[in-house]
Amino acid sequence: MNPISKAKAIVLIIVQFFVSLFSFGSCGADPDEPIDFDEIVGERVADAEAWASAFDYGDISSATVRVYLDGEILSGGYTVKYDNGRIEENYEIAGISQDKRYTVIGENEIIEYRYDSETSEWKGYEKYISEFDYPDGFSIGADIRFHLSGVGPYDDIENHFDEITYSEEKNAYVLSRREKYTESDVTYYYTAYTYYKILNGMCVGVVAEAAPDSPDAPVPSGGDAQAWDDKLCFYLYNIGTTAVELPEGICI
């Protein structure tokens, strides 16, 4: 899926998600400002093996992930905090929290808690784990990897070292792909860019965007041309320092 389609898909999921919920109530989001992508001077890696290793999050037990669409028309996304066996998910639009969920990883089960506005209680449900999304089972590292896979053209970016180059201008690895699409029987071309930044041997930031050959080109499948300025972002930060406090009413 190209970056524009992914951005639109995430917007649609966010909108549908919020329209169907509104169960937690609105309050200010607190994503603990993520890293500044533009300020990071991404490291170079020695070879394909080191590149693949940068996407291995198996040793992480505490961290924060933020995935969001930075758009002209709509901005929104979600923040996931991991603290060993506790996970907090916060979904928001334009900085306003719309829904929060907590997950507790136990020895024999994984329970997701959602707030029930009718009873004013947190209710626990066995978390559904897709074998497609988590072929090796659910873990913090696997969940971080799952969220990263939603940004950029490949779910297995660790296997595409031969397609990337390091940009001194961007201080990041760049994957660029020429794409075309048809609108109203007219064929348009654009370049999809995905930028990867690595710190301490680990990928901590990914930004996907696209640039049309013509400034008047419509966004694929319609939409306002301003959407070409949208960026789909993934940030991994507060590694080893993220804490999750379960709200009163969730007992483990």
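Residues numbered from 1 in each chain as written. Predicted model: local features only at pLDDT ≥ 70, side-chain atom pairs only at ≥ 80, totals over all residues. Heavy atoms only, no water.

**Q** Before we go on, may I ask you to explain the overall build of the chain in this structure?
**A** When you go through the chain residue by residue, the secondary structure sums to three helices and twelve strands. For the chain, the proportion of its 252 residues judged to be buried stands at 48%. If you take every contact in the chain between residues at least 6 apart in sequence, the share linking residues at least 24 apart comes to 59%. (Helix = DSSP H or I, 4+ residues; strand = E, 2+ residues; numbered from the N terminus. Buried < 20%, exposed > 50% of the residue type's maximum accessible area, 1.4 Å probe, protein only. Contact = heavy atoms within 4.5 Å.)

**Q** Any chance you could explain helix α3 (residues 140-148) here in plain terms?
**A** Turn by turn, an α-helix covers 3.6 residues, leaving residues three or four places apart pointing in a common direction. By the criterion of burial, α3 is predominantly enclosed, with seven of the nine residues buried. For α3, the full list of buried residues reads Ile140, Gly141, Asp143, Ile144, Arg145, His147 and Leu148.

**Q** What exactly am I supposed to notice about the pattern of salt bridges here?
**A** Two side chains of opposite charge can pair, provided their charged atoms sit close to one another. What the rule picks out here adds up to eleven salt bridges. For arginine 177, the salt bridge goes to glutamate 179, with nearest N and O atoms at 3.3 Å. Exposure remark for arginine 177: the relative accessible area of 28% places this residue in the partly exposed category. In the salt-bridge network here, residues are joined through shared partners; they are Asp99, Arg101, Glu112, Arg114 and Lys127. (Salt bridge = Lys/Arg side-chain N within 4 Å of Asp/Glu carboxyl O.)

**Q** Honestly, unusual backbone geometry in this entry has me stumped. Any pointers?
**A** For residues besides glycine, phi is generally negative; the peptide bonds are generally trans as well. Even without a glycine there, the phi angle at serine 184 is positive, about 55 degrees. Mapped onto the secondary structure, serine 184 falls in the loop between β9 (172-183) and β10 (186-199). You can call serine 184 exposed: its relative accessible area is 71%. With phi around 65 degrees, aspartate 185 is a residue other than glycine that occupies positive phi space.

**Q** Just checking my understanding: could you explain the packing of aromatic side chains for this structure?
**A** What characterises a pair of aromatic rings is the spacing of the ring centres plus the angle enclosed by the ring planes. In the structure shown here, the tally under the stated rule is 16 aromatic pairs. Between tryptophan 51 and phenylalanine 55, the ring centres sit 4.9 Å apart and the planes meet at 70 degrees, which makes this aromatic pair edge-to-face. On the accessibility criterion, phenylalanine 55 (4% relative accessible area) is buried. Relative to tyrosine 195, the ring of tyrosine 193 has its centre 6.2 Å away and its plane inclined at 5 degrees; by these criteria the two rings are stacked. (Phe/Tyr/Trp six-rings, centres within 6.5 Å; stacked < 30°, edge-to-face > 60°.)

**Q** Help me out: how do you make sense of the nonpolar core in this one?
**A** As a rule of thumb, soluble globular proteins bury nonpolar side chains together. Membership of the largest hydrophobic core comes to 39 residues, with the highest contact counts inside it found for Trp51, Phe55, Tyr57, Ile144, Tyr196, Phe234 and Leu236. Those elements that place two or more of their residues in this core are β2 (62-70), β3 (76-83), β4 (86-93), α3, β9, β10, β11 (202-212) and β12 (231-237). Considering every element that reaches this core, the biggest residue donor is β11, with five residues. The residues touching tryptophan 51, leaving out its near neighbours within four places in the chain, are Val45, Ile157, Glu158, His160, Phe161, Ile164, Tyr173, Tyr196 and Ile198. Tyr68, Ala172, Cys233 and Tyr235 belong to the second-largest nonpolar core, a separate cluster that totals nine residues. (Core = buried A, V, L, I, M, F, W, Y, C linked by side-chain atoms within 4.5 Å.)

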